[in-house]
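Here is how the chains run, residue by residue.
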Amino acid sequence: QDAVNNMRHLVWNLEKAIACSAKNGRSKICIIIDYDEFQLRHAPPMSTSRYTLDILQKHYPERMHRAYICNPPFIFRTFWSLIRPFIDPTTKEKIVFCHGKKGLEQIANDVGTVHREKYLEPCVGGVE
């Protein structure tokens, strides 16, 4: 039941982000996932990860501008190698791995100064 509720929450957030983007004259969204202080015991099952990818690829294929994966733990390399074959090639191109301060700078540069100050939280390169 938790997995279903998590997927509902994901879809609700995606729809909210799309509505906010449309209000600002944009049609695409950025997804930022920060793994800082991640612990493997809190990781979702592989089926949840595949379901998330399925939702993003089937229902929002052209809505994502870029997905930033920040500070992925070492174990994430194994996870990435397992799910990578299931990811559409176009979607793969939109996924960017960011590490440390240099990674945050990359997000800030991609998003732009105006949007960075207004929309990004400090943990992912925004300004307090």
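Analysis parameters
- Residues numbered from 1 in each chain as written.
- Predicted model: local features only at pLDDT ≥ 70, side-chain atom pairs only at ≥ 80, totals over all residues.
- Heavy atoms only, no water.
- Helix = DSSP H or I, 4+ residues; strand = E, 2+ residues; numbered from the N terminus.
- Buried < 20%, exposed > 50% of the residue type's maximum accessible area, 1.4 Å probe, protein only.
- Contact = heavy atoms within 4.5 Å.
- Areas by Shrake-Rupley, 256 points an atom, 1.4 Å probe, with all protein chains shown as cover.
- Expected span 1.5 Å × (residues − 1).
- Arc of directions from axis to C-beta.
- Pairing = 2+ DSSP bridges.
- Axes fitted to C-alpha atoms, helices over the stretch in contact; angles between N-to-C directions.

Caption draft 1: Geometry of the overall build of the protein. Helix and strand content of the protein: six helices and three strands. Its helices and strands in sequence order give the protein the pattern α-β-α-β-α-α-β-α-α, from N to C terminus. Within the protein, the fraction of its 128 residues that count as buried is 27%. Partitioning the intrachain contacts of the protein with sequence separation of at least 6 by distance along the chain shows that 74% fall at a separation of at least 24. Taken as a whole, the protein presents about 9,000 Å² of accessible surface, with 54% of it coming from carbon and sulfur.

Caption draft 2: Representation of helix α5 (residues 100-111) within the structure. Helix length check: α5 (twelve residues) gives 17 Å between terminal C-alpha atoms against 16 Å at 1.5 Å per residue, within 8%. Among the residues of α5, those classed as buried are Gly 103, Ile 107 and Ala 108. One face of α5 carries all of its buried residues, which in axial projection span an arc of 140°. Structural note: α5 exposes Lys 101, Lys 102 and Asn 109 on the side pointing more than 90 degrees away from its buried face.

Caption draft 3: Main features of the sheet that holds strand β2 (residues 64-70). The three strands lie next to each other as β1-β2-β3, forming an open sheet whose pairing is parallel. If you trace the sheet from one side to the other, it starts and ends with β1 (29-34) and β3 (95-98), each paired once. Geometrically, the sheet is characterised by an average inter-axis angle of 20° between neighbouring strands, direction not taken into account. One ladder, built from six bridges, connects β1 with β2; its direction is parallel. Across the sheet, residue Ile 29 finds its bridge partner in β2, namely Met 64. Against the sheet, α5 touches β1, β2 and β3, its axis set at about 140° to β3.

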